[in-house]
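Now for the letters of each chain:
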Amino acid sequence: MLTEEEFYKNFRTRFIEGHRKLSEIELYFWRNYQTIEKYILERKAKVMEHCQTLAYKKFLRPNLYHFPSLNFTWCPSYKAASTVWKNYLVRKLVDPTIKYCNFHYLVEYNLRGYGTGHQRGRRTYRSENEGAVRFTVIRNPFVRLISYWKMSRNCQLARSSYIQDLLLKRTLPPQLQNNHYQFIQEFNNFVSWCKVRRDESSEQVHPEEYGKPFSPDNPFLNPPHLTLKELIDHIQEQRSRLRLSDWEGHWAPVSEWCDVCQFQHDYYIKLENEPLELFYLLHKLNLWEDREKFLSIQNNSSRKTSDESELDLFTIAGSPLDISHSDRKFLNSFFENDLIMFGYNKLKV
């Protein structure tokens, strides 16, 4: 029998790269339903097996949403189809005409706190339907990180105060200290420009379009976005504090963000294995009739960004993703539990 990697690689070659019709993909799905189920259930077993090896199984408060009418609970793993699911749920449960589907529309469905007890080692919630299906969508953690870094390079900084704070922490050389006020004013003007452009257009706005009217030696705007090194340094600083208040779901390990050892999800669906695993999940959630909605929703957080082929750039000198040996070791350690639980490879060091 083919391994999971071989099975999905064969599928992508034949059906995705071969541009086969959706009806043919669906037929292939039903013919291979039991094989797909086997891989998904083996993944869950691997998660639980690794949880038994961890001395400290309780991570952060999980980011969970329970939908009683649909009888499932979802942990959104950002940069792993969270936009698709958010858009679908907001339009299905709140208002089908909403154009920009923010998470605040789903706040009433948020499962708060650490739960009310445990049943056979599984955390329970009083407000959660008994027998509700629990799931999350996962993705290679390094690809999630690349995806977020790429997003931060556009004018997303106008809406992210912590990115602004990180840029303003850059070192100001002694010879430029007299220009501090000017540099700060230029930075604020640039952020305001980004904000206007973001409001005018739904498209991503890149700093290069600004024409760089700011000072060429302005340390806060050269470059006018986070470098990958700065992002990794920020993650290391967060890891040293490990405070709930400043944790960030765009790169937090799913094992922690969703507290998989305590919450024990029923399904961990790999984004890389869609649409087959998506079809499997929709069938289990009784949402099969809505499958084409998921395929038609614009997936800003996944389909416009990097794939695993870019991981090689981490080790190529001079590439946009070139980082130090120590940074690669840190990322391998940071995502270690995710890599083991979900079957992803470490970065080359």
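Residues numbered from 1 in each chain as written. Predicted model: local features only at pLDDT ≥ 70, side-chain atom pairs only at ≥ 80, totals over all residues. Heavy atoms only, no water.

**Describing the packing of helix α2 (residues 22–31) against helix α11 (residues 276–284)**
Point 1. It is at 10 Å that the axes of α2 and α11 come closest, and there the two elements cross at 70 degrees. Classed by the angle they form, the pair α2 and α11 counts as roughly perpendicular. As α2 runs across α11, the sense of the crossing is right-handed. Residues Leu22, Ile25, Glu26, Tyr28, Phe29 and Trp30 of α2 pack against Leu276, Phe279, Tyr280 and His283 of α11.
Point 2. Here the residues of the contact of α2 with α11 sort into eight nonpolar, one polar and one charged. (Axes fitted to C-alpha atoms, helices over the stretch in contact; angles between N-to-C directions. Helix = DSSP H or I, 4+ residues; strand = E, 2+ residues; numbered from the N terminus. Parallel < 35°, antiparallel > 145°, perpendicular 65-115°, else oblique. Left-handed = near helix turned anticlockwise from the far one by under 90°. Contact = heavy atoms within 4.5 Å. Nonpolar A, V, L, I, M, F, W, Y, C, P; charged D, E, K, R; others polar.)

**Points about the sheet that holds strand β6 (residues 133–138)**
Sheets are built from strands paired through backbone hydrogen bonds, the pairs being either parallel or antiparallel.
Point 1. Across the sheet, five strands lie side by side as β3-β1-β2-β6-β7; this open sheet has mixed pairing. Lying at the two open borders of the sheet, with one neighbouring strand each, are β3 (110–111) and β7 (267–270).
Point 2. Examined bridge by bridge, strand β1 (residues 64–67) and strand β2 (residues 72–75) share three bridges and lie antiparallel to one another. The residue bridging tyrosine 65 from the neighbouring strand is tryptophan 74, located in β2.
Point 3. Contacts from helix α3 (residues 33–51) reach β6 and β7, with the element oriented near 115 degrees to β7. (Pairing = 2+ DSSP bridges.)

**Observations concerning the confidence of the model for the chain**
Point 1. This prediction gives the chain a mean pLDDT of 84; 80% of its residues lie at or above 70.
Point 2. Predicted confidence is poor over residues 298–306, with pLDDT under 50, and the contacts of this stretch with residues over four places away or in other chains come to 30 contacts. (pLDDT = per-residue confidence, 0-100.)

**Concerning the side chain of glutamine 238**
Point 1. With respect to the helices and strands, glutamine 238 occurs in helix α8 (residues 228–241).
Point 2. Classification of glutamine 238 as buried rests on a relative accessible area of 2%.
Point 3. Side chain to side chain, glutamine 238 and tryptophan 251 meet in a polar contact 3.1 Å long. (Buried < 20%, exposed > 50% of the residue type's maximum accessible area, 1.4 Å probe, protein only. Polar contact = N/O pair within 3.5 Å; in protein donor to acceptor, adjacent residues only side chain to side chain.)

**Here we look at the nonpolar core**
Soluble, globular proteins show a tendency: their nonpolar side chains are buried together.
Point 1. Core analysis: the biggest nonpolar cluster contains 97 residues, and Phe67, Phe72, Trp74, Trp85, Leu231, Leu276 and Leu331 have the highest contact counts within it.
Point 2. Setting aside residues up to four positions removed in sequence, tryptophan 85 forms contacts with Phe72, Trp74, Phe135, Val137, Leu278, Leu281, Leu282, Leu285, Leu287 and Phe294. (Core = buried A, V, L, I, M, F, W, Y, C linked by side-chain atoms within 4.5 Å.)

**Looking at the side chain of arginine 123**
Point 1. If you trace the backbone, arginine 123 turns up in strand β5 (residues 122–124).
Point 2. Take arginine 123: its relative accessible area is 1%, and that puts it in the buried class.
Point 3. Polar side-chain contacts of arginine 123 include one of 2.8 Å to the side chain of aspartate 259.

**Quick word on the packing of helix α1 (residues 4–16) against α2**
Point 1. Packing of α1 against α2 leaves a shortest axis separation of 11 Å and a crossing angle of 155 degrees. By the angle between their axes, α1 is roughly antiparallel relative to α2. Both α1 and α2 take part in a crossing whose hand is right-handed. Residue-level inspection shows Phe7, Asn10, Phe11, Arg14, Phe15 and Ile16 of α1 in contact with α2, the latter providing Glu24, Ile25 and Tyr28.

**A few points about the packing of aromatic side chains**
Point 1. The tally for this structure, following the rule as stated, stands at 36 aromatic pairs.
Point 2. We note arginine 134 situated over the ring of phenylalanine 263; from NZ or CZ to the ring centre the distance is 3.8 Å.
Point 3. Note that lysine 270 overlies the ring of tyrosine 344, its terminal NZ or CZ placed 4.5 Å from the centroid. (Phe/Tyr/Trp six-rings, centres within 6.5 Å; stacked < 30°, edge-to-face > 60°. Lys NZ or Arg CZ within 6 Å of the ring centre and 35° of its normal.)

**Re the state of the cysteines**
Point 1. Counted according to the given criterion, the structure contains two disulfides.
Point 2. Here cysteine 51 is linked by a disulfide to cysteine 261, with a sulfur-sulfur distance of 2.0 Å. The S-S bond linking cysteine 51 to cysteine 261 shows a torsion near -90 degrees; that makes this disulfide left-handed. Separated by 210 residues along the polypeptide, cysteine 51 in helix α3 and cysteine 261 in helix α10 (residues 260–263) bring together distant segments of the chain. Both residues of the pair, cysteine 51 and cysteine 261, belong to the buried class.
Point 3. Through a disulfide, cysteine 75 is tied to cysteine 258; the S-S separation comes to 2.0 Å. Around the S-S axis, the bridge from cysteine 75 to cysteine 258 shows a dihedral of about -85 degrees and counts as left-handed. You can see cysteine 75 sitting in strand β2 and its partner cysteine 258 sitting in the loop between α9 (254–257) and α10, a full 183 residues away along the chain. (Disulfide = S-S within 2.5 Å.)

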